[in-house]
Amino acid sequence: SFADALKPGTELLHGQFRIEKFLNAGGFGMTYLARDSLDRIVVIKECFPGALCCRANASVRLRSRAGEPEFEKILELFEKEARALSELSHPYIVGVHQIFKDNGTAYMAIDFVPGRDLLQVIEEEPDRLGPEQIRQLLIKVLDAISYMHDHDILHRDISPDNILLEVDNSPVLIDFGAARESASRVSRVLS
């Protein structure tokens, strides 16, 4: 787990979501397995640029007031990306259900996709996908990318670890890097 991760049992949005466990952390956020108020499993993505902030209890706090403009811009980009993604409806793109603010930061609730990412499959189950299955998988991923481009959205981080494979080997694109890309530009400008 990650030192600043929310603890299991933490409630968000006045009890609408309950954290079950920490899943992953990156430079600009953390993801958690959670349950919503109807007891459905979802993934919660938290905007948490670790270089700029830390956690005090459940709340996100800036490490320095000097980072406030950058943090606010990152939050704005995170929300903008979530809103854009919430308008997409495609079988090979993760669904965004809700965006909200809590604990001094922003969150999005997205589909939980049972399965493993393509990188794990390549490394741990190298015989799972034959040439025809890989071709079909790529056609589906390209269809999802084309759909996104038709809606003026770029993924910016297409890699095997951002393609989840469901049990039937259907791909689902996750972890769009648009906010990270924009935030990196903001960071360079502010520096």
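Bear in mind the structure is a predicted one, so any value in this text is a computation, not a measurement.

## Let's talk about the overall build of the protein chain
Right, on to step 1. Summing up its helical and strand segments, the protein chain has four helices and eleven strands in all.
Right, on to step 2. For 191 residues, the compact-globule estimate of 2.2 N^0.38 gives 16 Å, and the C-alpha radius of gyration of the protein chain, at 17 Å, lies within 12% of that figure.
Right, on to step 3. The dimensions of the protein chain, computed from C-alpha atoms along their principal axes, are 55 × 40 × 30 Å.
Right, on to step 4. For the protein chain, the proportion of its 191 residues judged to be buried stands at 44%.
Right, on to step 5. Partitioning the intrachain contacts of the protein chain with sequence separation of at least 6 by distance along the chain shows that 51% fall at a separation of at least 24.
Right, on to step 6. In the structure as shown, the protein chain presents an accessible area of about 10500 Å², 51% of it carried by carbon and sulfur atoms.

## Quick notes on the nonpolar core
Burial of nonpolar side chains together is a common tendency in soluble globular proteins.
Right, on to step 1. Counting 52 residues, the largest nonpolar core has Leu-12, Phe-17 and Ile-44 as the members making the most contacts within it.
Right, on to step 2. When near neighbours in sequence (up to four residues on either side) are disregarded, Ile-44 contacts Leu-12, Phe-17, Ile-19, Met-30, Thr-31, Tyr-32, Ala-34, Phe-100, Tyr-107, Met-108 and Ala-109.

## Quick notes on the confidence of the model for the protein chain
Right, on to step 1. Summing up the model confidence of the protein chain, the mean pLDDT is 89 and the portion of residues at 70 or higher is 92%.
Right, on to step 2. No element of the protein chain has a lower mean pLDDT than helix H4 (residues 178-190), which averages 49, and none a higher one than strand E1 (residues 11-12), which averages 98.

## A few points about the packing of aromatic side chains
Right, on to step 1. As enumerated under the stated definition, the model contains three aromatic pairs in all.
Right, on to step 2. With 5.3 Å between their ring centres and 5 degrees between their planes, Phe-17 and Phe-100 make a pair best called stacked. Taken together, the residues Phe-17 in strand E2 (residues 17-25) and Phe-100 in strand E7 (residues 96-102) connect sequence positions 83 residues apart.
Right, on to step 3. Seen from their ring centres, Phe-100 and Tyr-107 are 5.3 Å apart, and the 15 degrees between their planes marks the pair as stacked. Residue Phe-100 shares its accessibility class with Tyr-107, and that shared class is buried.
Right, on to step 4. Through a chain of ring-to-ring contacts, three or more aromatic side chains come together here, namely Phe-17, Phe-100 and Tyr-107.

## Here we look at the environment of Val-141
Right, on to step 1. For Val-141, the location among the structural elements is in helix H3 (residues 131-150).
Right, on to step 2. Classification of Val-141 by relative accessible area gives buried; the value is 5%.
Right, on to step 3. Between the C-alpha atoms of Val-141 and Leu-23, which are 118 residues apart in sequence, the distance is 24 Å.
Right, on to step 4. Beyond its immediate stretch of four places on either side in the chain, Val-141 contacts Ile-163, Pro-171 and Leu-173.

## Points about the sheet that holds strand E4 (residues 41-47)
Right, on to step 1. In spatial order, the strands read E1-E2-E3-E4-E8-E7; together these six strands make up an open sheet with antiparallel pairing. Strands at the two margins of the open sheet, each flanked by one partner only, are E1 and E7.
Right, on to step 2. Both E2 and strand E3 (residues 29-36) contribute to a ladder of seven bridges, which runs antiparallel. Within the sheet, the bridge partner assigned to Ile-19 lies in E3 and is Ala-34.

Definitions and limits used
Residues numbered from 1 in each chain as written. Predicted model: local features only at pLDDT ≥ 70, side-chain atom pairs only at ≥ 80, totals over all residues. Heavy atoms only, no water. Helix = DSSP H or I, 4+ residues; strand = E, 2+ residues; numbered from the N terminus. Rg over C-alpha atoms; globule rule 2.2 N^0.38 Å. Buried < 20%, exposed > 50% of the residue type's maximum accessible area, 1.4 Å probe, protein only. Contact = heavy atoms within 4.5 Å. Areas by Shrake-Rupley, 256 points an atom, 1.4 Å probe, with all protein chains shown as cover. Core = buried A, V, L, I, M, F, W, Y, C linked by side-chain atoms within 4.5 Å. pLDDT = per-residue confidence, 0-100. Phe/Tyr/Trp six-rings, centres within 6.5 Å; stacked < 30°, edge-to-face > 60°. Pairing = 2+ DSSP bridges.

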